[in-house]
Amino acid sequence: MSRELTVALVGASGVVGTEFLRTMEERALPVKELRLLATKRSAGQTRRFRGEDLTIAETTTEAFQGADIAFISASTAASKELCPIARDAGAIAFDDSSAFRQHPDVPLVVPEVNPADLRDHRGIIATPNCSTVPLVLALWPLMAERRVTRVIADTYQSTSGAGTAAMAELGEQLQALAQEQPVTIENFPKQIAYNAIPQVDAFLEDGYTKEEWKMLVESRKILHQPDLPLSATCVRIPTLVSHAIAAHVDFDAPLAAAEARTLWAGQSGLTVVDDPLHGGYPTPLDCAAQDAVFVGRARQDASNPNGLAFWCVTDNLRKGAALNMVQMVEWMLDDGCL
């Protein structure tokens, strides 16, 4: 990994942008020049990287000239506009929106699962939804031993998945309720404080939400299983960081919980925490600011002898977003395909 990179970071003022800075510094990504970009509203702010205060500039077409890679953490609409601009300027655009995830020419990658797909990029690469990443990483080693016949995934997603303003809204609502004042609802369909909202993103005609649909189609693409039977229910809960998933997976033959733990233990990117009698299971708070996907509570599904139930958690800002994209760059540098 000797090549030094000129990096453009779009969305540098956001919560994921902050994780990009932390992740690139912690993992010593070979950055020669870092350009921090955001909207006009955020231009002029500073962020610290490797002991230096860098000023955020407004995102313009010219900002991508001469860049090797562009990390783009913005709205879907902004990504649709900016990714082709970055690509045409000669950079490889790594996008964390849903804009290009289902495009047939855009790799959708979890590096521990399908890194070879990165070799087929055409200038734009997508990272999966932050709830898809932990699910496919937990499924991947199990699928090497058994054929999956059905997946049920119910998520418990933190407010940071909806951005900085959503996190602030949780705090404001908690404070208002503590003072017996009315709450203000702006970033969620209902009050998030002391609540659980079974709606992440908009509803589709079939009753599923876009978030749930993303988990289905993204898992199929990453795992190269176009007919994978998967159903999800995505729920927003009043936590700040980390998404959790309760998964029920059916196989073509029984898979013992002990065997699943052994398979997970051998999988890069996974950490097994599974000793529930002594409090050994992952929680969102435990997993915040951690790189791994944590799995535990493995047990035979009581409704199906060929089924396995388990629980997994990961920091949605790190492995669910920034870290996953930085790992793609690391793999490509080692592979020589960047």
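Residues numbered from 1 in each chain as written. Predicted model: local features only at pLDDT ≥ 70, side-chain atom pairs only at ≥ 80, totals over all residues. Heavy atoms only, no water.

1. A word on the packing of aromatic side chains
And then number 1: Under the criterion given, the structure shown has four aromatic pairs.
And then number 2: On the numbers, 4.7 Å between centres and 25 degrees between planes, the contact of Phe 20 with Phe 71 is stacked. Residue Phe 20 is located in helix H1 (residues 15-26), and its partner Phe 71 is located in strand S6 (residues 69-72); the two are separated by 51 residues in the primary sequence.
And then number 3: According to the relative accessible area criterion, Phe 71 is buried, its value standing at 0%.
And then number 4: An aromatic cluster is present here, built from Phe 20, Phe 71 and Phe 94 joined pairwise through their rings. (Phe/Tyr/Trp six-rings, centres within 6.5 Å; stacked < 30°, edge-to-face > 60°. Helix = DSSP H or I, 4+ residues; strand = E, 2+ residues; numbered from the N terminus. Buried < 20%, exposed > 50% of the residue type's maximum accessible area, 1.4 Å probe, protein only.)

2. Regarding helix H4 (residues 164-178)
And then number 1: For H4, which comprises 15 residues, the first-to-last C-alpha distance of 22 Å matches the rise-based estimate of 21 Å (1.5 Å per residue) to within 8%.
And then number 2: Tucked into the core, H4 has its buried residues touching H1. (Expected span 1.5 Å × (residues − 1). Contact = heavy atoms within 4.5 Å.)

3. Notes on the sheet that holds strand S9 (residues 148-157)
Across a sheet, paired strands are connected by hydrogen bonds in the backbone, their directions being either parallel or antiparallel.
And then number 1: Taken together, six strands build an open sheet; the order of strands is S10-S9-S11-S14-S13-S12 and the sheet is mixed. Strand pairing shows two members of the sheet lacking a second neighbour, strand S10 (230-236) and strand S12 (270-272), which therefore form its edges. Each strand of the sheet is rotated relative to its neighbour by a mean of 20 degrees, with strand direction disregarded.
And then number 2: The pairing of strand S11 (residues 243-251) with strand S14 (residues 307-314) spans eight bridges and is classified as antiparallel. (Pairing = 2+ DSSP bridges. Axes fitted to C-alpha atoms, helices over the stretch in contact; angles between N-to-C directions.)

4. Some details on the pairing of S11
And then number 1: Among the nine residues that make up S11, eight are buried, leaving the element largely enclosed by the rest of the structure.
And then number 2: Across eight bridges, the pairing between S9 and S11 is antiparallel. Directly across from Thr 155, in S11, lies its bridge partner Ile 245.

5. Observations regarding the environment of Ser 158
And then number 1: Counting through the fold element by element, Ser 158 comes out in the loop between S9 and H4.
And then number 2: Between the C-alpha atom of Ser 158 and that of Val 241, which follows or precedes it by 83 residues, the distance is 5.3 Å.
And then number 3: What Ser 158 contacts, discounting residues up to four positions off in sequence, is Arg 236, Ile 237, Thr 239, Leu 240, Val 241, Ser 242, His 243 and Asn 316.
And then number 4: A polar contact of 3.4 Å, which involves the side chain of Ser 158, links it to the backbone nitrogen of Ser 242. (Polar contact = N/O pair within 3.5 Å; in protein donor to acceptor, adjacent residues only side chain to side chain.)

6. As for the environment of Thr 239
And then number 1: On the secondary structure map, Thr 239 appears in the loop between S10 and S11.
And then number 2: Taking the relative accessible area as the measure of exposure, Thr 239 reaches 23% and is therefore partly exposed.
And then number 3: Thr 239 has contacts with Ser 158, Thr 159 and Leu 170, leaving out every residue within four places of it along the chain.

7. Considering the packing of helix H3 (residues 132-143) against helix H5 (residues 210-223)
When two helices pack together, you describe them by how their axes are tilted relative to each other and by the distance separating the axes.
And then number 1: At a minimum axis distance of 10 Å, the contact between H3 and H5 shows a crossing angle of 45 degrees. Taken together, the axes of H3 and H5 lie oblique to each other. Considering how the two elements wind past one another, H3 and H5 form a crossing that is right-handed. The residues of H5 that touch H3, namely those facing Thr 132, Leu 135, Val 136, Leu 139, Trp 140 and Met 143, are Lys 214, Met 215, Glu 218, Ser 219, Ile 222 and Leu 223.
And then number 2: Class assignment for the residues of the contact of H3 with H5 results in eight nonpolar, two polar and two charged. (Parallel < 35°, antiparallel > 145°, perpendicular 65-115°, else oblique. Left-handed = near helix turned anticlockwise from the far one by under 90°. Nonpolar A, V, L, I, M, F, W, Y, C, P; charged D, E, K, R; others polar.)

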